[in-house]
Protein chains: 2
Amino acid sequence: MKVIVDAMGGDNAPLEIIKGCAAAVQSQDVDILLVGDEQIIRRLAQEQGISLARMEILHASEVITMEEDPSTAVRRKPDSSMAVGLKALAGGEGDAFISAGSTGALLTGATLLVKRIKGVKRAALSPLLPGKDGPVMLIDCGANVECTPEYLLQFGVMGSLYMKKVCGIASPRVGLANIGTEECKGGDLQRAALPLLTEGCDGFVGNVEPSNIPLGAVDVVVCDGFTGNIILKTIEGMGKFLSGKVKEVFLKNTLTKLAALAVKGGLKAFKSSLDASEAGGAPFLGISKPVIKAHGNSNARAVECAVRQAKFFAQSGMIEEIGERFTK
Amino acid sequence: MKVIVDAMGGDNAPLEIIKGCAAAVQSQDVDILLVGDEQIIRRLAQEQGISLARMEILHASEVITMEEDPSTAVRRKPDSSMAVGLKALAGGEGDAFISAGSTGALLTGATLLVKRIKGVKRAALSPLLPGKDGPVMLIDCGANVECTPEYLLQFGVMGSLYMKKVCGIASPRVGLANIGTEECKGGDLQRAALPLLTEGCDGFVGNVEPSNIPLGAVDVVVCDGFTGNIILKTIEGMGKFLSGKVKEVFLKNTLTKLAALAVKGGLKAFKSSLDASEAGGAPFLGISKPVIKAHGNSNARAVECAVRQAKFFAQSGMIEEIGERFTK
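**Comments concerning the overall build of chain A**
In step 1: On a plain count of helices and strands, chain A comes out with 12 helices and 12 strands.
In step 2: A compact globule built from 328 residues should have a C-alpha radius of gyration of about 20 Å, and chain A, at 20 Å, falls within 12% of that.
In step 3: Relative to its 328 residues, chain A shows a buried fraction of 56%.
In step 4: Summed over its atoms, the accessible surface of chain A is roughly 13200 Å², and 50% of this surface lies on carbon and sulfur atoms.
In step 5: Put simply, chain A has 36 plus and 36 minus side-chain charges, and the middle of one group is 3 Å from the middle of the other.

**Digging into helix H5 (residues 103-114) of chain A**
In step 1: Taking 1.5 Å of rise per residue, the 12 residues of H5 of chain A would be expected to cover 16 Å, and the 15 Å separating its terminal C-alpha atoms lies within 8% of that figure.
In step 2: Among all positions of H5 of chain A, only Ala105, Leu106, Leu107, Gly109, Ala110 and Val114 of chain A are buried.

**Comments concerning the sheet that holds strand S6 (residues 128-129) of chain A**
Strand pairing in a sheet relies on backbone hydrogen bonds. The paired strands run either parallel or antiparallel.
All names here are of chain A.
In step 1: Overall, mixed pairing links the 5 strands, which are arranged S6-S7-S10-S8-S9 in an open sheet. If you trace the sheet from one side to the other, it starts and ends with S6 and strand S9 (204-208), each paired once.
In step 2: The sheet contact formed by strand S7 (residues 136-139) and strand S10 (residues 220-222) spans 3 bridges and is parallel. By the bridge assignment, Met137 is partnered in S10 with Val220.

**Comments concerning the state of the cysteines**
Every disulfide links exactly two cysteines, by a covalent bond between their sulfur atoms.
In step 1: Enumeration over the complete set of coordinates arrives at 0 disulfides over all chains.
In step 2: Lacking any disulfide linkage, Cys184 of chain A is separated from the closest cysteine sulfur, that of Cys147 of chain B, by 17 Å.
In step 3: Here Cys184 of chain A falls in the exposed class, since its relative accessible area comes to 54%.
In step 4: Residue Cys141 of chain B stays outside any disulfide, its sulfur separated by 6.6 Å from that of Cys223 of chain B, the closest cysteine.

**What about the sheet that holds strand S3 (residues 55-59) of chain A?**
Residues and elements named next belong to chain A.
In step 1: Spatially, the 7 strands line up as an open sheet ordered S3-S2-S1-S4-S12-S11-S5, and their pairing is mixed. Of all strands in the sheet, those with a lone pairing partner are S3 and strand S5 (124-125), marking the two edges.
In step 2: The sheet contact formed by strand S1 (residues 2-6) and strand S4 (residues 96-99) spans 3 bridges and is parallel. Within the sheet, the bridge partner assigned to Val3 lies in S4 and is Ala96.
In step 3: The strands that helix H4 (residues 81-90) touches are S1, strand S2 (31-36), S3, S4 and strand S12 (291-293); relative to S4, the one it contacts most, it runs at about 165°.
In step 4: Seen against the sheet, H5 touches S4, S5, strand S11 (282-285) and S12 and runs at an angle of roughly 170° to S12.

**What about the relation of the copies chain B and chain A?**
In step 1: Mapping chain B onto chain A is achieved by rotating through 180° and translating by 0.0 Å along the same axis, at an RMSD of 0.0 Å. Such a combination of rotation and displacement between the chain copies is what one expects of a two-fold axis. The position closest to the rotation axis in chain B is occupied by the C-alpha of Ala259 of chain B, lying 2.2 Å away.
In step 2: Comparing interface residues between copies, 100% of those in chain B also lie at the interface in chain A; the contact surface is shared.

**Comments concerning a nonpolar patch on the surface**
In step 1: Where nonpolar side chains cluster on the molecular surface, the patch consists of Leu255, Leu258 and Leu261 of chain A and spans about 320 Å² of accessible area.
In step 2: Mapped onto the elements, Leu258 of chain A comes out in helix H9 (residues 254-262).

**A look at the pattern of salt bridges**
Residues and elements named next belong to chain A.
In step 1: What the rule picks out here adds up to 26 salt bridges over all chains.
In step 2: Residue Asp219 pairs with Arg173 through a salt bridge whose shortest N-O separation is 3.2 Å. Of this pair, Asp219 sits in the loop between S9 and S10 while Arg173 sits in the loop between helix H6 (149-165) and strand S8 (174-177), placing them 46 residues apart in sequence.
In step 3: For Arg173, a relative accessible area of 33% puts it in the partly exposed group.

**What about unusual backbone geometry?**
In step 1: Geometrically, the link from Ala13 of chain A to Pro14 of chain A is a cis peptide bond, its omega value of -5° lying close to zero.
In step 2: In this structure, Pro14 of chain A sits in the loop between S1 and helix H1 (15-28).
In step 3: Here the bond from Ile139 of chain B into Asp140 of chain B is cis, since omega is 5°, no more than 30 degrees from zero.
In step 4: Checked against the element boundaries, Asp140 of chain B lands in the loop between strand S7 (136-139) and helix H6 (149-165).
In step 5: Of note in the backbone geometry, Asp29 of chain A takes a positive phi value of approximately 55° without being a glycine.
In step 6: For Asp29 of chain A, a relative accessible area of 52% gives the class exposed.
In step 7: A positive phi is found at Lys115 of chain B, a non-glycine position, where the angle reads about 70°.
In step 8: Accessibility expressed as a relative area gives 49% for Lys115 of chain B, which makes it partly exposed.

**Re the pairing of S4 of chain A**
All names here are of chain A.
In step 1: Alternating residues of S4 divide into Ala96 and Ile98 and Phe97 and Ser99, and every residue in both groups is buried.
In step 2: Taken together, the 3 bridges between S4 and S12 define a ladder with parallel strand orientation. Opposite Phe97, over in S12, you have Val291 as the bridge partner.

**Focus on the interface of chain B and chain A**
In step 1: Taken together, the contact pairs 48 residues of chain B with 48 residues of chain A.
In step 2: For the chain B face of the interface with chain A, the top three residues by lost area are Ile179, Phe226 and Phe241 of chain B, together amounting to 15%.
In step 3: At the boundary of chain B with chain A, the tally comes to 2 salt bridges.
In step 4: With a shortest N-O distance of 2.7 Å, Glu209 of chain B and Lys233 of chain A are connected by a salt bridge.
In step 5: Taken together, chain B and chain A are joined by 8 residue pairs in polar contact (both at pLDDT 80 or more).
In step 6: Elements with a minimum of two residues in the side of chain B that touches chain A: helix H7 (188-200), helix H8 (225-250), helix H9 (254-262) and helix H10 (264-274) of chain B.
In step 7: Of the residues forming the side of chain B that touches chain A, the biggest block, 19 residues, is contributed by H8 of chain B.

**Details of the packing of helix H4 (residues 81-90) of chain B against helix H5 (residues 103-114) of chain B**
All names here are of chain B.
In step 1: Axis separation between H4 and H5 bottoms out at 9 Å; the angle between their running directions is 35°. As H4 packs across H5, the resulting crossing turns out to be right-handed. Here Met82, Ala83, Leu86, Lys87, Leu89 and Ala90 of H4 lie close against H5, whose contacting residues are Ala105, Leu106, Gly109, Ala110, Leu113 and Val114.
In step 2: Grouping the constituent residues of the contact of H4 with H5 by class yields 10 nonpolar, 1 polar and 1 charged.

**Notes on the packing of aromatic side chains**
Aromatic ring pairs are described here by two measures, namely the spacing of the ring centres and the angle between the planes.
All names here are of chain A.
In step 1: Counted under the stated rule, the structure contains 2 aromatic pairs over all chains.
In step 2: Centroid distance Tyr162 to Phe313: 5.3 Å. Interplanar angle 85°. Geometry classified as edge-to-face. You can see Tyr162 sitting in helix H6 and its partner Phe313 sitting in helix H11 (residues 300-316), a full 151 residues away along the chain. Neither residue differs from the other here; Tyr162 and Phe313 are each classed as buried.

Rules behind the numbers
- Residues numbered from 1 in each chain as written.
- Chains lettered and ligands numbered in written order.
- Predicted model: local features only at pLDDT ≥ 70, side-chain atom pairs only at ≥ 80, totals over all residues.
- Heavy atoms only, no water.
- Helix = DSSP H or I, 4+ residues; strand = E, 2+ residues; numbered from the N terminus.
- Rg over C-alpha atoms; globule rule 2.2 N^0.38 Å.
- Buried < 20%, exposed > 50% of the residue type's maximum accessible area, 1.4 Å probe, protein only.
- Areas by Shrake-Rupley, 256 points an atom, 1.4 Å probe, with all protein chains shown as cover.
- Lys, Arg positive; Asp, Glu negative; His and termini not counted.
- Charge placed at Lys NZ, Arg CZ, Asp CG, Glu CD.
- Expected span 1.5 Å × (residues − 1).
- Pairing = 2+ DSSP bridges.
- Disulfide = S-S within 2.5 Å.
- Contact = heavy atoms within 4.5 Å.
- Axes fitted to C-alpha atoms, helices over the stretch in contact; angles between N-to-C directions.
- Least-squares fit on C-alpha atoms with pLDDT ≥ 70 in both.
- Patch = residues over 30% accessible without salt bridge, like charges linked within 9 Å, V, L, I, M, F, W, Y side chains within 5 Å.
- Salt bridge = Lys/Arg side-chain N within 4 Å of Asp/Glu carboxyl O.
- Buried area = accessible area lost by both parts, 1.4 Å probe.
- Polar contact = N/O pair within 3.5 Å; in protein donor to acceptor, adjacent residues only side chain to side chain.
- Left-handed = near helix turned anticlockwise from the far one by under 90°.
- Nonpolar A, V, L, I, M, F, W, Y, C, P; charged D, E, K, R; others polar.
- Phe/Tyr/Trp six-rings, centres within 6.5 Å; stacked < 30°, edge-to-face > 60°.

What is shown is where atoms sit, not what they do.
Dropping the structure here:
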């Protein structure tokens, strides 16, 4: 098992990426193909005393920045770490690809260079959100602003397979994000997708209101990319807002600061339960090989988790299963 | 100033409604027209020792339940407290109407019986969300699942006027809910609404991502009713989820329970800052008289806040100003 990792993407690249890969080699028993500026990577590893055992380096002279137009970035910078990594994946030099770089560039690049699974209409970005009883997949989350009911059906099937085969949930429950549970709710898209999902998606339980998503009503939330991105960003904002409020409570006076000491461990766990990176990166489902978007501010720990996830994804056989399912 | 209140709507009706009205009479210097079953109201008031000073009762023999079809409820139950209250408002027997009953029935009923302001294309449900620097208005939030760009422009103008005239914000900042700040972001609706709002809405600052809404990026968030309802329900779910997580932290052991005592006041304030009812009910903007939807589980305090809000709304003159603006 060899995981290809974009060493240059994300806020903390390349140092945290290299550290995370070194940790993953130890904990996950995988080989790593690091893609990026070879000189920088070797120098950093030496300076910081990071072992490059079981890691190869594939040199790439350029980096795609967050400022670049995502739709053309990979084409305009063919020697970027992201483009080189995706081409290596397409060419069979590794079993999965991880990048913490520009989401948009990765989506476009993966579709262009690695291609979709035959029969898949649109690939979807599918992050795992923190939930009461474990992670919840939100699919799609921004790759496809405009969707047809058929796309949503495919998202449901792919999301369900991922939660079963990669996350180990025996019978994933799938819901359609909507503003009410009744059949008549939502716009044309939701009303047309509901019967398709009911008919064609295992474990489909009907409409789910976002108020019940973090409470674990379902394992997979299906939606168009606009709605999914709105949900994702609202969750992000509320996490920040409420963490700040909790902090205020403890900074009030000496007594509350003492109280903070007593619950320090619990608060740390609370913060980490809100931390999307603990659940791993967002798989990009529908692409013919495993591609994972790690969070832009991934630290070494998040990179290590993403490598574990990439390994499970590559071993799961779900891509082959999607292919069989959608070409029938 | 006389506020008409649906005594029978909501989870805690009629007792908490009557209590809240009695408190409002004291704190807000208003008269109240309570609409509902006169016998029940008088008996409860007597049993509980609630003064009905400055309160009249308008008898209504029926109640609209949450199970009824919202689109026909008011027509099918003309003697319900909601229908009788709305007709009293339309007939000038009071200056504003408050109900904690079915949102859908109130929206349909208000449009049917009280009518829209001339020139207003669609009325919008516009709750105030908790935010870092004070309440943030989300308009529309479910009254109009399908919207045109022109509706969104009107929502922006009405929301801005409300925050200025009723909430006292000198120069409200208005944003369009979107999945990115760039002009090209979103679907057809967002891309078409952006130039209209830029041109026609005072204080418009462009697209706003939901991650920045609770952090106080804007005072008014404009969106179609589907998106608004998705945002509202995601916020609700995250509030519940995170409150539960914080509670867990404190219930862990004796030490953490002691710590809970030290931050009790702060945690109460934290909880109340998440409590939508503290910010008041949701005004229904675009209707020719002030109509306010109080939260379904409103207690006496929430009803008192809603009465204060109704009073400010009725005194603000904003309905006349909307009329002038949109008939020009």
